[in-house]
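Residue strings, one per chain:
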Amino acid sequence: MSGEKAASVPVLTVSGLQEAFPGWSIRRSSAGRLWATRNGRLTNEDYNRGLCQTIDGDDVGQLAEELRRQAALAVAPPNSEARCSAAWDTSH
């Protein structure tokens, strides 16, 4: 699903997130926080776009917002100053 189409999908549930963003595995932690991890590995060029391997959110709305942001970054040109906004994402 393209980022444009995903951005137009109303998302109110975790299953709605999974349907709208099939390239991600979405789970809820024991603390109730939502996490999404990409199904594939990112390249250095992807990281230079600001993409993250794993993102999180306090609730479905916040995670949906971050997933939409990641979809937009995926089609943006690489930017040597862009970085994953998740400070703890050291997977690259």
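Residues numbered from 1 in each chain as written. Predicted model: local features only at pLDDT ≥ 70, side-chain atom pairs only at ≥ 80, totals over all residues. Heavy atoms only, no water.

Trainee: Explain the pattern of salt bridges here, please?
Mentor: As a working rule, side chains carrying opposite charge can pair if their charged atoms are close by. Considering all chains together, one arrives at 5 salt bridges under this definition. Here arginine 33 makes a salt bridge to aspartate 56, at a shortest N to O gap of 2.8 Å. Separated by 23 residues along the polypeptide, arginine 33 in the loop between strand E1 (24–28) and strand E2 (34–38) and aspartate 56 in strand E3 (residues 54–57) bring together distant segments of the chain. Note that aspartate 46 and arginine 49 form a salt bridge whose closest N and O atoms lie 3.9 Å from each other. Taking relative accessible area as the criterion, arginine 49 reaches 15% and is therefore assigned buried. Where salt bridges share partners, they join Arg33, Asp56 and Asp58 into one cluster. (Salt bridge = Lys/Arg side-chain N within 4 Å of Asp/Glu carboxyl O. Helix = DSSP H or I, 4+ residues; strand = E, 2+ residues; numbered from the N terminus. Buried < 20%, exposed > 50% of the residue type's maximum accessible area, 1.4 Å probe, protein only.)

Trainee: Whenever I open this one, the confidence of the model for the chain confuses me. Can you help?
Mentor: Predicted coordinates in areas of low pLDDT are best not read in detail. Residue-level pLDDT values for the chain average 83, and 79% of them are 70 or greater. Helix H1 (residues 3–8) is the least confidently modelled element of the chain, averaging 52 in pLDDT, while E2 averages 97, the highest of any element. (pLDDT = per-residue confidence, 0-100.)

Trainee: Can you walk me through the state of the cysteines in this structure?
Mentor: The term disulfide refers to a covalent linkage connecting the sulfur atoms of a pair of cysteines. Tallied over the full model, the rule gives 1 disulfide. Two residues, cysteine 52 and cysteine 84, share a disulfide whose sulfurs are 1.9 Å apart. Note on the cysteine 52 and cysteine 84 pair: the S-S dihedral is about 115°, so by sign convention the disulfide is right-handed. With cysteine 52 in the loop between helix H3 (44–47) and E3 and cysteine 84 in the segment after helix H4 (60–74), this residue pair connects regions lying 32 residues apart in the sequence. Per residue, the accessibility class of cysteine 52 equals that of cysteine 84, and both read buried. (Disulfide = S-S within 2.5 Å.)

Trainee: Any chance you could explain the pairing of E1 here in plain terms?
Mentor: Inspection of the sheet shows E1 paired to E2 by 5 bridges, in the antiparallel sense. Within the sheet, the bridge partner assigned to isoleucine 26 lies in E2 and is alanine 36. Taking the residues between adjacent antiparallel strands as the criterion, E1 and E2 are bridged by 5 residues, where glycine 32 takes a positive phi near 90°. (Pairing = 2+ DSSP bridges.)

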